[in-house]
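Observations on the three-dimensional arrangement
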Amino acid sequence: MDLEQMKEHQQYIRNFSIVAHIDHGKSTLADRILELTDTVAKRDMQDQLLDNMDLERERGITIKLNAVELQYKAEDGHTYEFHLIDTPGHVDFSYEVSRSLAACEGAVLVVDAAQGVEAQTLANVYLALDDDLEILPVINKIDLPSADPERVRKEVEDVIGIDASDAVLASAKQGIGIQELLEQIVHKVPAPDGDLTAPLRALVFDSIYDDYRGVVLSVRVFEGTVKPGDKIKLMNSGSEYEVTEVGVNSPDPIKRDMLMAGEVGYITASIKDITDTRVGDTVTGAADPAKEALPGYREMAPMVYAGLYPTDNAKYGDLREALEKLKLNDAALEFEPETSQALGFGFRAGFLGMLHMDVVQERLEREFNLDLITTAPSVTYHANLTDGTQKEVENPSEMPEVSEIRNIEEPYVKATIMTPNDYVGPVMELCQRRRGQFITMEYLDDYRVNVEYEMPLSEIIFDFFDKLKSSTKGYASLDYELDDYQQSDLVKIDILLNGDKVDALSFISHRTFAEKRGRDIVTKLKGIIPRQNFEIPIQAAIGAKIIVRTNIRAYRKDVTAKIHTGDPDRRAKLLDKQRRGKERMKSVGTVDVPQEAFMAVLQTDEEDNGGK
Ligand SMILES: Nc1nc2c(ncn2[C@@H]2O[C@H](COP(=O)(O)OP(=O)(O)OP(=O)(O)O)[C@@H](O)[C@H]2O)c(=O)[nH]1
């Protein structure tokens, strides 16, 4: 292609993302688009094709963004090159959304015709507006009997403040409105206009590690071109490589002769050192480097920290390697080595939320074949000490002694909750129980309310979302952002097994709930920790003061003893189950502690939280 041809080609490129609140139908819409553009043959089509991680299929959610190229023959007779970037909707993964958006000129905003605008609809739209993207609203699921597209259209205008008069009315499920949307993308999303002759500047928005090809960088080229044989430089790390391959995913990788300004695709360059590549970095030419890097991404600060330990201590090195590889593909993951008296050598890892933590743990176990023990997650506390210094505490067991502490501060968030009018009462009650401070409330229309609270992050991050859903029949939606640190009356509670403090079980609680939580947890542990052939005292303590104690009586139960049928199959199965359960245990001193025990501190019994 000569320069004129490239300029011409650029006019027919459209880069867009699909954003939505969770479950409003992004992935289904993406499937229909792939089908209609014949990107995937019908026989190869499976639901949620872009959700290619097993975990995503099983859970029916999108975790990782995915970029595909597709060809669309428009009504004007031209064939357009679309780059579609799918994004996740869960609040834990909003950083993935902002990364996709930085690679695009337009965003398709999917809103459920029955549910209307939800908390993450708003959060995602704001991200898109920050990036000056053209927003194309799509009102999806119009096939549902409860759909009310006109109400939702009005809501999009009133609540978000964007013009929705042309919003596409669609049913991704039934394939309605897809063609109309593709035409809008052609006409409304601007073509990219990067300088084709300038030095290369490409934004790395994702990367994965492939055993054969090394690191595969997903990039959006903003200026210049890149082709195999070119010497490139990663501007942040300064390291240089020779490009071995460039291409696009459609959705399988297809090699190209080059990628040019405006295009989204991948670059491989036999990059083996994964620490060299960072999502958000700029790729430039080694011989003729750009003067300035592209704006990277906002670094995501983890919200919660938890310990990750291999059940088999010999696997510590494998766990480190797995975490490094995973981090390539998950920029928000942070980790550093940690030792626990109870659990041995492991890592303290930072996550964006509980779902993120779950996903990381499952990916480590599945993709890297590791068996892990995770400790209960904790937020980062600030302990102001009597000597005038401040200590950041990511691990409750590292909270200094009471005598050294002047006060403790904890992170607060501003929580935005959207709910139908009928549930305002239960929502406010829930927020108050979780130590929330009411900020404001606004009626969005005749049906729905937007409520804002200031709340401790520790109260919101664990099971608040589930509780919110169950107290509003699933109708409320939530978004939150970190606000500031505030002083709280907090105490550290230690758990002692057989007289020994188990550092991995320590947790921080508001003083009002301390005794009750201590009791709950001790009771729970009593049910979880298997009996042994000696009695095990379990205690909860604040400092040197024991606040609760109980005993696990001696005697180990044989689960197969009760099986009279002598069915060998069933007996074998149970023994197998027992064996596998045991693998997930850690011997702490002389006591076997199963994985569940480390999570027990998370499950608080709401209703009895002292009514506060
Ligand atoms: N009735 C109806 N259901 C739909 C339509 N579009 C999607 N759904 C259903 O809504 C659910 C959620 O759809 P997804 O496409 O997975 O939603 P998503 O927004 O991609 O969700 P995440 O990937 O988890 O963020 C699925 O059960 C779909 O089958 C539609 O047009 N009509």
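About the cut-offs
- Residues numbered from 1 in each chain as written.
- Predicted model: local features only at pLDDT ≥ 70, side-chain atom pairs only at ≥ 80, totals over all residues.
- UniProt positions renumbered as here; feature names shortened; annotations may be inferred.
- pLDDT = per-residue confidence, 0-100.
- Contact = placed C-beta atoms within 7 Å.
- Buried ≥ 20, exposed ≤ 12 C-beta atoms within 10 Å, placed from the backbone.
- Helix = DSSP H or I, 4+ residues; strand = E, 2+ residues; numbered from the N terminus.
- Pairing = 2+ DSSP bridges.
- Axes fitted to C-alpha atoms, helices over the stretch in contact; angles between N-to-C directions.

In the annotation of an unreviewed UniProt entry, the protein chain is listed under the name Elongation factor 4 and assigned to Secundilactobacillus paracollinoides. Recorded in UniProt under Catalytic activity (unreviewed entry), the annotation for the protein chain is "GTP + H2O = GDP + phosphate + H(+)". Entered under Subcellular location (unreviewed entry) in the UniProt record, the comment concerning the protein chain runs "Cell membrane".

**Overview of the confidence of the model for the protein chain**
With 85% of its residues at a pLDDT of 70 or more, the protein chain has an overall mean of 84. Throughout residues 60-65 the model reports pLDDT below 50, and contacts reaching past four residues in sequence, or to other chains, amount to 28 contacts. Of the regions scoring below 50 in pLDDT, residues 607-612 engages in 10 contacts with residues more than four places distant in sequence or in other chains. Complex prediction metrics read pTM 0.69 and ipTM 0.97.

**Brief notes about the pairing of strand 17 (residues 304-310)**
The element strand 17 is largely enclosed, with a buried count of seven among its seven residues. Of the two faces of strand 17, the one carrying Val-304, Ala-306, Leu-308 and Pro-310 and the one carrying Tyr-305, Gly-307 and Tyr-309 are both buried. Relative to strand 19 (residues 344-351), strand 17 runs antiparallel, the two being bridged by five bridges. From the neighbouring strand, Leu-308 faces strand 19, where its bridge partner is Phe-347. Where strand 17 meets strand 20 (residues 372-374), three bridges bridge the pair, whose relative direction is antiparallel. Each bridged residue has a counterpart across the sheet, and for Tyr-309 the counterpart in strand 20 is Ile-373.

**Describing the UniProt feature "binding site: GTP" (unreviewed entry) in the protein chain**
On the UniProt side, "binding site: GTP" (unreviewed entry) is annotated at positions that read Asp-23, His-24, Gly-25, Lys-26, Ser-27, Thr-28, Asn-140, Lys-141, Ile-142 and Asp-143 here. Assignment of secondary structure puts Ile-142 in the loop between strand 5 (134-140) and helix 6 (149-160). For Ile-142, the contacting residues outside a window of four places in its chain are Ala-113, Ala-147, Pro-149, Leu-169, Ala-170, Ser-171 and Ile-176. One can find Asp-143 in the loop between strand 5 and helix 6. Sequence-distant contacts of Asp-143, defined by excluding residues within four places in its chain, comprise Ser-171, Lys-173 and Gln-174.

**A look at the sheet that holds strand 8 (residues 214-223)**
Backbone hydrogen bonds are what pair the strands of a sheet, in a parallel or an antiparallel way. In space, the eight strands of this open sheet follow the order 11-10-16-7-8-15-12-13, with antiparallel pairing throughout. Since the sheet does not close on itself, it has two edges, and those belong to strand 11 (240-242) and strand 13 (253-256), each with one partner. Across the sheet, the axes of successive neighbouring strands diverge by a mean angle of 40 degrees, strand direction being ignored. Relative to strand 8, strand 7 (residues 201-210) runs antiparallel, the two being bridged by nine bridges.

**Looking at the sheet that holds strand 18 (residues 334-340)**
Sheet architecture is open: four strands sit in the order 18-19-17-20, paired in antiparallel fashion. Edge strands, defined here as strands with exactly one partner in the open sheet, are strand 18 and strand 20. Each adjacent strand pair in this sheet contributes to an overall mean axis angle of 30 degrees, direction not counted.

**Observations concerning the pairing of strand 27 (residues 490-497)**
Successive residues of a regular strand alternate their side chains across the two faces of the sheet. With seven of eight residues buried, strand 27 lies mostly within the body of the structure. Across four bridges, strand 27 lies against strand 29 (residues 507-510) in antiparallel orientation. Looking at strand 29, one finds that Leu-490 is bridged to His-510. Here strand 27 pairs with strand 28 (residues 500-501) via two bridges, running antiparallel. Residue Leu-497 lies in a different strand from strand 28, and its bridge partner there is Asp-500. Where strand 27 folds back on strand 28, the antiparallel hairpin that results is connected by two residues, among which Asn-498 adopts a positive phi of roughly 55 degrees.

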